[in-house]
Amino acid sequence: MCTPEETSLLQVEETFLALLGRINTLVFQPLLLVEPSNVKDQECLRLLLQLSEQYQHLWDLTQVSLRTLRQRLDSPATVGLHTLHLLRSPDLFLDAYRRYFVIYTSCVAMQTFQKATRKKSEFWRSQRKALKQFLTSVILETSGAAGLPHILCQPLTDHVQQYVLTLLRLADAIGEHHSARELAIQAADRFVTLQSFIRQALDEASATQALWETLGNRLGDALCTADRRLLLDSQDIPVVTGPVRADRVLLFNDVLVLLQGHSFQTFDLKLVWVDARHDKKQMPNRYGFHVITPEEEFSLSAKDAQDKTCWLSTVSQATCQALSGKRDIPVLEQDQNQEGAQPPASRYCLYTFRTEDRLRLATYDGNWFWGKPHGKGTLKWPDGRNHVGDFHQGLEHGFGIRLVPRGAEDKYDCYKCHWREGQMQGYGICEYANESVYKGYFRDNMRQGFGVLESSPQAPQPFKFMGHWDRDKKNGYGVLEDKDRGERYIGMWQADHRHGQGIVVTQSGICYQRTFHADKMVGKITFPNGYFLKASFSTGVGKGFHTQGVLETTAHPLDPMHTCKRQLGLEAFPVESRWQGIYQQFREFVHCNCPEDAQEAFLGFHVQTAKELRKSQEYLFCDRSNPDEVSAKIKDILAELPTHQDPESLQLYLQKALKSSVHPLGKLMKLLTLAFQATYSGIGANKHLLVLAQEEVKHHAQEVWAFYQGLLRVALERQGQIQEESEDTSNSHPEAYRLVLPIILSCFYPELFMLYMLYHEKEDNLYSQGIADLSLFPDTKLLECLDVQKHLWPLKDLTLTTNQRYSLVRDKCFLSATECLQKIITTVDPREKLEMLEKTYVEIENTVSRVLEREHKLPMDDLLPLLIYVVSRARIQHLGAEIHLIRDMMDPIHRGGLYDFLLTALESCYEHIQKEDMRLHRLAGVHNQKALWSQARERCKAGPEKQNSRAFHCAVHDAVPQEDPAIIQG
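Predicted model only: the values in this text are computed from it and were never measured.

(A) A look at the overall build of the chain. Tallying secondary structure elements over the chain gives 31 helices and 26 strands in all. Pairs at least 24 apart in sequence give 56% of the contacts found in the chain among residues at least 6 apart. Accessible surface, the chain: about 46000 Å² in total, of which carbon and sulfur atoms supply 51%.

What follows is the structure, encoded as structure tokens:
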């Protein structure tokens, strides 16, 4: 059964709906016929159209409410009270009324109704009697237009009041136990809140309208907007500014304004921070508070605590409203979550700087913290510069990408770099407008430390420089490849010029070391025929080679033995000083205790350089780590490091770490490999650089081990442990040879082995010819020529076919030893090569023991000829290069031991096969064979000291006067 209150509510809705219809006909329709003649008229019409749209929405909502009431009254038994639209969805009504009054108060503040009726004043005067029916408390004396604001407001506020009263009576009528009673009370409370909002909105609109009238046309037009409302005025609640002077302070719902004479300053509330803490130095008045904006800081001082609280609370609430996006809604009592709440210190806003010199006219879009760009953001200048990345306290800090326009359209320098306090600092990549690319380190916006600069392959003069930079110029040790001229310079630089000692390697095989001064070569060149030229030399693009000096033709020819294998650069470039730019960053990383936030800045990052991605804003925040691998956090790496202490576990860990592109050890290894390839690959593959490369590889092993030790120290310190000091106080670093060198050698092996091949090319050619000659011998004939005792011949291992004789069998004897020796070329690890050599020796002895049917240890007289046989049948190419690489790179602990003895024996066989009389032995018969074995035995007994290839190289180097280096024809 329905209550009388429900019937009363039905009548209220019917009356109100009829009233809305009449107002629409008499007011809205004539208002919307206004024809705008200027910008202000257009703004008025826009507001009226919005108001009419919200008015229509209220009309529709009231019709739905009326329909549900009629359904309830027609079928009270089947349609419950909770189905009433007013009870089921009160928020829809609140939102509709709120939107209407937001636009209505905008019309009041902007004097929209007065402006809209000004051109048709006669029409509205004639409508005065018809409009009186809508007003109960307003007397229309002259024109009906004066009553329009009241007509469009009073009926709606009265209807809201009727909602409150009717809903409260309905709640009382249905009793406490009715399920819809709580809905009615809640709806009434919401409409009470709406009444408060309407009153506050109307008061603010009236105050704002009055303000615009008092400010005058110029200030009014500059500050007046439809959504802006006055919240506080220093003329009403006094505050004084300092040190900035202002006659008047106005707080609106979106900006804070300081008026001084006929000028003013506005501060967007989204970028206003208020510090209420009292600082006697900044604010002598204890009732003051500090205001912080992106470009201004000032204080506001009230006369007492109450006024201070009023300003503080209103500014805070208005700022919260502005940040929440409700710029068109005044501060509401219903916003309980904002009552007394403080705006967040960290915000995301857009701002264009006006006076800041460095950022003048630049627009920043991103995170802020207490008036400064802080966090991620985008900075754009009018001249086309664009910076996207991390900021700290107003400065670029962290990873960032900057585009700098260069001349022609769509030409930019693109810097992808780490920044520190507004300057490029740390590792970065720069793609220049001319399509050259720099990858390396920066400091104070300049290239500093190790870096690689490479031109576009399509450049007129393509080049690649890898080395040290100082204040944006090549300085120190570096390698330049001139791809156009086909030459490589390895040496010292100063102020972008070759300056000091340097080595030049050409594509034609020429290799020489000279002194350079400002890109000009100075000194004396000695030619192979003995002539020497004392002069200065220079080159120029398209100008060829220029020299000026004296050519001396009376000297004697040089001895080719002094120059054919001479090693260059050993004294000019000490290995410890060559690539300090690489080591320095990794040492500093450890010295700073491996900070995680600076890992990329020290150690570099992986990032694509596709030109199309350069323009993509999404790309600027991309993950810079290798997508094929999980990003390694330094804290996780340091946590795992101490768990690998025993040699076997440590070796496996180092193998994995040195091959990882995200591990600090792997990043160091990557840079060292690139530097090695830039020096010794391609044009740099010259035999006169072998020892230079040897030294680098060994030194890299020591530096990698030292870096590992540094990481381990930091890891242990983080766990509260102390690293044990090594008992070996020397700088030999035996672990570098035992653990690191075998692992890293594979990275340098292609270039290093090529140098060995070139250095030993002549010997290997003689050896190859000897192998070719010996391969013509059947097995038994070769064993006989090598003076192998017949009782040691493994004839029982031979399986003859029909009509086959022993004298015709080839490549069947000592087959297991031969296959074992051939495996020496399947690995790059010197220790594994030596193990293969030892197994070869064991296989030879096993074969002999099987032939003799007893265990037999071979004396030297028997071992050497058998080993020569196995070597000749193994047919290993470039055996000389293999032998000397093993000797130079093997662990020093093996020197003088079994491995060294076996290597010396192998070297004796290698040299024996080269001998001319050995190759002709098959023609001359067996003569003086024991004398040959005697010579080989003596060589094995001589020990490793005389077999050290580096000592041999240095001896050859010292044989030629240092002040008269010769051009060496490769």
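Let's pick the thread back up.
(B) Representation of the nonpolar core in the model. Judged by nonpolar contacts, the single largest core of 84 residues is most densely connected at Ile503, Trp579, Ile582, Leu654, Leu665, Leu711 and Leu752. Top element by residues in this core is helix 20 (residues 734-759). It accounts for 16 residues. With residues up to four places along the chain from it excluded, the contact list for Leu654 reads Leu665, Trp705, Tyr708, Leu739, Val740 and Ile743. With 61 residues, the next largest nonpolar core counts Leu20, Val27, Leu47 and Leu194 among its residues.

(C) Seen up close, helix 19 (residues 690-718). With 29 residues, helix 19 should reach 42 Å at 1.5 Å per residue; the first-to-last C-alpha distance of 43 Å fits that figure. Taken across its 29 residues, helix 19 has 23 buried, putting it largely inside the fold. Once helix 19 ends, the next one or two residues include Gly720, with phi positive near 75°.

(D) A look at the packing of aromatic side chains. The final tally for this structure, using the stated rule, is 36 aromatic pairs. Geometrically, the ring pair formed by Trp212 and Phe252 is stacked, given 5.6 Å between the ring centres and 15° between the ring planes. Here Trp212, found in helix 10 (residues 181-215), pairs with Phe252, found in strand 3 (residues 248-252); they are 40 residues apart in sequence, far enough to count as distant. When its relative accessible area of 10% is taken as the criterion, Trp212 is described as buried. Measuring from ring centre to ring centre gives 4.8 Å for Phe676 and Phe748, while their planes differ by 55°; the resulting arrangement is tilted. Remark: Phe748 occurs in helix 20 and Phe676 occurs in helix 18 (residues 664-680); sequence separation between them is 72 residues.

(E) Main features of the sheet that holds strand 2 (residues 239-242). Pairing is antiparallel in the open sheet, where four strands are placed in the order 2-8-7-6. With one partner strand each, in any of the chains shown, strand 2 and strand 6 (273-275) form the two edges of the open sheet. Averaged over all pairs of adjacent strands, the angle between their axes in this sheet comes to 30°, without regard to strand direction. In terms of strand pairing, strand 7 (residues 288-292) meets strand 8 (residues 297-302) through five bridges, oriented antiparallel. Residue pairing for strand 8: Phe289 is matched across the bridge by Leu300.

(F) Here's a closer look at the side chain of Lys308. The residue Lys308 is located in helix 12 (residues 305-324) in this model. Asp275 is the oppositely charged side chain nearest to the buried, salt-bridge-free Lys308, at an N-O distance of 8.9 Å. Within the local environment of Lys308, its side chain forms a polar contact with the backbone oxygen of Gly288, the two atoms lying 3.4 Å apart. In this structure Lys308 touches Ala276, Arg286, Tyr287, Gly288, Phe289 and Ala302, once residues within four positions along its chain are discounted.

(G) Local environment of the environment of Asn367. Take Asn367: it is sitting in strand 10 (residues 363-369). Residue classification places Asn367 among the partly exposed residues on the basis of a relative accessible area of 24%. Along the primary structure Asn367 and Leu350 are separated by 17 residues, whereas in three dimensions their C-alpha atoms are 8.8 Å apart. Not counting residues up to four positions away in its chain, the partners in contact with Asn367 are Arg347, Tyr348, Lys372, Pro373, His374, Gly375 and Lys376.

(H) How the structure looks around the pattern of salt bridges. Applying the stated criterion across every chain, the model contains 31 salt bridges. A salt bridge links Arg578 to Glu695, with the nearest nitrogen and oxygen atoms 2.7 Å apart. Of the two residues, Arg578 is situated in the loop between helix 13 (560-563) and helix 14 (580-591) and Glu695 in helix 19; the sequence distance between them amounts to 117 residues. Judged by its relative accessible area of 3%, Arg578 is buried. Salt bridges here are not isolated pairs; linked through shared partners, they connect Arg485, Glu487, Arg498 and Asp519.

(I) Unusual backbone geometry, seen in detail. Following Gly242, the chain continues into Pro243 via a peptide bond in cis, with omega recorded as -5°. Position of Pro243 relative to the elements: it lies in the loop between strand 2 and strand 3. The phi torsion at Glu435 lies on the positive side, around 75°, for a residue other than glycine. Along the chain, Glu435 falls in the loop between strand 15 (423-431) and strand 16 (437-443).

(J) Highlighting the pairing of strand 14 (residues 412-420). In terms of burial, strand 14 is largely enclosed, as seven of its nine residues are buried. Here strand 13 (residues 395-405) runs beside strand 14; their pairing, made up of eight bridges, is antiparallel. The residue bridging Ile401 from the neighbouring strand is Lys416, located in strand 14. Hairpin remark: strand 13 followed by strand 14, antiparallel, with six residues in the connecting loop; positive phi at Gly407, about 65°. For strand 14 and strand 15, the ladder comprises six bridges, and the chain directions are antiparallel. Bridging from a neighbouring strand, Lys416 pairs with Ile429 of strand 15. The hairpin formed by strand 14 and strand 15 contains two residues between the paired strands, and Glu421 there has a positive phi angle of roughly 50°.

(K) Just the pairing of strand 22 (residues 510-517), in detail. The buried count for strand 22 comes to six of eight residues, which makes it a mostly enclosed element. Summarising the sheet, strand 21 (residues 497-506) and strand 22 pair through six bridges and their orientation is antiparallel. If you follow Gly500 over to strand 22, its bridge partner there is Phe516. Adjacent in sequence and paired antiparallel, strand 21 and strand 22 are bridged by three residues, among which Gly509 carries a positive phi angle near 105°.

(L) Region of interest: a negative patch on the surface. Together, Glu596, Asp597, Asp636 and Glu640 make up a region of like negative charge exposed at the surface. Within the fold, Asp636 resides in helix 16 (residues 634-640).

(M) Quick look at the environment of Gly242. For Gly242, the location among the structural elements is in strand 2. It is 9.1 Å that separates the C-alpha atoms of Gly242 and Glu297, two residues lying 55 residues apart in sequence. Setting aside residues up to four positions removed in sequence, Gly242 forms contacts with Phe298 and Ser299.

(N) How the structure looks around the confidence of the model for the chain. The pLDDT averaged across the chain works out to 83; a share of 81% of its residues lies at or above 70. In the predicted structure, residues 327-339 sits below a pLDDT of 50 and forms 36 contacts with residues beyond four places in sequence or in another chain. Counting interchain partners and residues more than four positions distant, the pLDDT-below-50 stretch residues 625-631 has eight contacts.

(O) Just the packing of helix 23 (residues 815-822) against helix 24 (residues 830-852), in detail. With their axes 8 Å apart at the nearest point, helix 23 and helix 24 run at an angle of 180° to one another. In terms of orientation, helix 23 lies roughly antiparallel with respect to helix 24. Two secondary-structure elements touch here, helix 23 through Ser816, Ala817, Cys820 and Leu821 and helix 24 through Met836, Leu837, Lys839, Thr840, Glu843, Ile844 and Thr847. Residues belonging to the contact of helix 23 with helix 24 are distributed by class as follows: six nonpolar, three polar and two charged.

(P) How the structure looks around the sheet that holds strand 3. Taken together, four strands build an open sheet; the order of strands is 1-3-4-5 and the sheet is antiparallel. Here the strands that pair on one side only, and so sit at the sheet edges, are strand 1 (230-233) and strand 5 (263-268). Within the sheet, the average angular offset between the axes of one strand and its neighbour, ignoring direction, is 20°. Strands strand 1 and strand 3 of the sheet are contacted by helix 12, whose axis makes an angle of about 155° with strand 1.

(Q) Structural detail: the side chain of Ser775. By secondary structure assignment, the location of Ser775 is in the loop between helix 21 (761-774) and helix 22 (779-785). Look at Ser775 and you get buried, because its relative accessible area is 17%. Here Ala772 takes part through its backbone oxygen, which lies 2.6 Å from a polar atom of the side chain of Ser775.

Rules of the game
Residues numbered from 1 in each chain as written. Predicted model: local features only at pLDDT ≥ 70, side-chain atom pairs only at ≥ 80, totals over all residues. Heavy atoms only, no water. Helix = DSSP H or I, 4+ residues; strand = E, 2+ residues; numbered from the N terminus. Contact = heavy atoms within 4.5 Å. Areas by Shrake-Rupley, 256 points an atom, 1.4 Å probe, with all protein chains shown as cover. Core = buried A, V, L, I, M, F, W, Y, C linked by side-chain atoms within 4.5 Å. Buried < 20%, exposed > 50% of the residue type's maximum accessible area, 1.4 Å probe, protein only. Expected span 1.5 Å × (residues − 1). Phe/Tyr/Trp six-rings, centres within 6.5 Å; stacked < 30°, edge-to-face > 60°. Pairing = 2+ DSSP bridges. Axes fitted to C-alpha atoms, helices over the stretch in contact; angles between N-to-C directions. Lys, Arg positive; Asp, Glu negative; His and termini not counted. Salt bridge = Lys/Arg side-chain N within 4 Å of Asp/Glu carboxyl O. Polar contact = N/O pair within 3.5 Å; in protein donor to acceptor, adjacent residues only side chain to side chain. Patch = residues over 30% accessible without salt bridge, like charges linked within 9 Å, V, L, I, M, F, W, Y side chains within 5 Å. Charge placed at Lys NZ, Arg CZ, Asp CG, Glu CD. pLDDT = per-residue confidence, 0-100. Parallel < 35°, antiparallel > 145°, perpendicular 65-115°, else oblique. Nonpolar A, V, L, I, M, F, W, Y, C, P; charged D, E, K, R; others polar.

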